[in-house]
Amino acid sequence: RLGGDPGGAAATARRAVDTATAGTLAGPDKYDATPPAAESIRMGTDQKCVQGAGPNPLSDAVLVRDDGSLKNVFVHVKAGLDPAYSFTVPTEAVVLDQKGCIYTPRVLGVRVGQTIEIVNSDPTLHNVHAVPMSNQEFNKGQPFQGMRERQVFTVAEVPVRFMCNVHGWMAAYVGVVPHPFFAVTDEAGRFELKGLPPGTYTIEAWHEKFGRQTETVTVAERQAQTTSFTFKAGQ
């Protein structure tokens, strides 16, 4: 090849976010309807589960406060981030526990290439079964308390569903993203994305029962921007 940039260095140049000009995006997520009644989980098939959680604990699939605040919504930058930005993948593993025969937390995020460690804190057999659409599926038995399984997802995907083939009620959802701009709403329905470089972004909010919503949001230099998502019945 004559002339030009034979190594493609210009096309692959990476840069870091300028923290002096970065902003934040925060907001509430709400559910604008009468929340569905929480379902009882029948754990009687495994007495070791009953010992930890009781015979009929309530499902944590939908957690809505009286004011409509919605917990466990996964919020992330879906589009608009300059691909030239480079982000160091954390070396610390994200932990997904199995405690009282429930996945804890139910919704979490992990970076592409970051280790997720699945722990069995129960004195019973669990079967960790990840069912992605884009990443590699895995299905690992954990017959003993204290066992740990470490996995890495290599492709962005929101979300990857986790199940247990032994206890059919167990479920967790992992958002796999290529950057650090994601969050899971807390009990007050709040989320915050810190350190966003100035730009216009597509922000996606996902809930396992109520689906997906997107908003286009512009964040200016050093701006504390806000947005909100409202989920309704029948969406």
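On a predicted model such as this, the values are computed, not experimentally measured, just so you know.

Caption draft 1: Here's a closer look at the overall build of the protein chain. Looking only at helices and strands, the protein chain features two helices and 17 strands. Overall, the protein chain is about 70 × 45 × 30 Å in size when its C-alpha atoms are taken along their principal axes. In the protein chain, buried positions account for 45% of the 235 residues. Contacts in the protein chain between residues at least 24 apart in sequence constitute 64% of all its contacts with a sequence separation of at least 6. For the protein chain, the accessible area works out to roughly 12000 Å², and carbon and sulfur atoms hold 50% of it.

Caption draft 2: Quick peek at the packing of aromatic side chains. One pass over the structure, following the stated rule, counts 11 aromatic pairs. Aromatic side chains Tyr31 and Phe210 sit 4.3 Å apart centroid to centroid with 15 degrees between the ring planes, which places their arrangement in the stacked category. Placement of the pair is Tyr31 in strand E1 (residues 23–31) and Phe210 in the loop between strand E14 (199–207) and strand E15 (211–219), with a sequence separation of 179 residues. Residue Tyr31 is classed as buried on the basis of its relative accessible area, which comes to 7%. Note on Tyr173 and Trp206: the rings are 5.2 Å apart at their centroids and 50 degrees apart in plane angle, and the pair reads as tilted. Of this pair, Tyr173 sits in strand E11 (residues 171–177) while Trp206 is found in strand E14, placing the two residues 33 residues apart along the sequence. On the basis of relative accessibility, which here comes to 13%, the residue Tyr173 falls in the buried class. Aromatic ring contacts, followed pair by pair, group Tyr103, Phe138, Phe153 and Phe162 into a single cluster. The ring of Tyr85 carries the charged tip of Arg15 above its face, separated from the ring centre by 4.2 Å.

Caption draft 3: Representation of the pairing of E1 within the structure. Across five bridges, E1 lies against strand E13 (residues 190–196) in antiparallel orientation. Residue pairing across strands places Ala26 opposite Glu192, the latter belonging to E13. Sheet topology note: the E1/strand E17 (residues 229–231) ladder contains three bridges and is parallel. In the strand pairing of E17, Lys30 is matched with Thr230.

Caption draft 4: Region of the structure containing the side chain of Glu149. For Glu149, the position within the fold is in strand E9 (residues 148–152). Although buried, Glu149 forms no salt bridge, and the nearest oppositely charged side chain, Lys140, lies 4.5 Å from it. At a separation of 2.6 Å, a polar atom in the side chain of Glu149 contacts the side chain of Gln151. Apart from residues no more than four positions distant in its own chain, Glu149 is found in contact with Ile116, Glu117, Ile118, Lys140 and Gln142.

Caption draft 5: A look at the side chain of Thr227. Mapped onto the elements of the fold, Thr227 is located in the loop between strand E16 (224–226) and E17. Sequence-distant contacts of Thr227, defined by excluding residues within four places in its chain, comprise Leu25, Ala26, Gly27, Pro28, Phe191, Glu215 and Val217.

Analysis parameters
- Throughout this description, residue numbers start from 1 for each chain and increase along the sequence as written.
- Only residues with pLDDT of at least 70 are given local features in this predicted model, and only at 80 or more are side-chain atom pairs given and counted; all residues enter the totals for whole chains, interfaces and linings.
- Neither water nor hydrogens contribute to the side-chain values; these are computed over all heavy atoms in the structure.
- Helix and strand definitions here come from DSSP, where helices need a minimum of 4 consecutive H or I residues and strands a minimum of 2 consecutive E residues; each element is numbered from the N-terminal end.
- Each residue gets one of three labels from its accessible area relative to the maximum for its type: buried under 20%, exposed over 50%, partly exposed in between, using a 1.4 Å probe on protein chains only.
- The contact criterion used is simple: two residues touch if any of their non-hydrogen atoms lie within 4.5 Å.
- Computed with a 1.4 Å probe, the accessible areas rest on the Shrake-Rupley method; for each residue, only the protein chains presented here act as cover.
- In summary, the pairing rule links any two rings of Phe, Tyr or Trp, Trp by its six-membered ring, whose centres are within 6.5 Å, and it sorts them by plane angle into stacked for under 30 degrees, edge-to-face for over 60 and tilted for everything else.
- Charge-over-ring placement is defined geometrically: NZ (Lys) or CZ (Arg) within 6 Å of the ring centre, and within 35 degrees of the ring normal.
- Should DSSP find at least two bridges between two strands, the strands are taken to pair.
- When charges are tallied, Lys and Arg are placed among the positive residues and Asp and Glu among the negative ones, while His and the ends of the chain are skipped.
- When a carboxyl oxygen of Asp or Glu lies within 4 Å of a side-chain nitrogen of Lys or Arg, that pair is called a salt bridge.
- Polar contact is defined as a pair of N or O atoms within 3.5 Å, subject to the rule that within protein one atom must be able to donate a hydrogen and the other to accept it, and that residues adjacent in sequence are counted only when both atoms are side-chain atoms.

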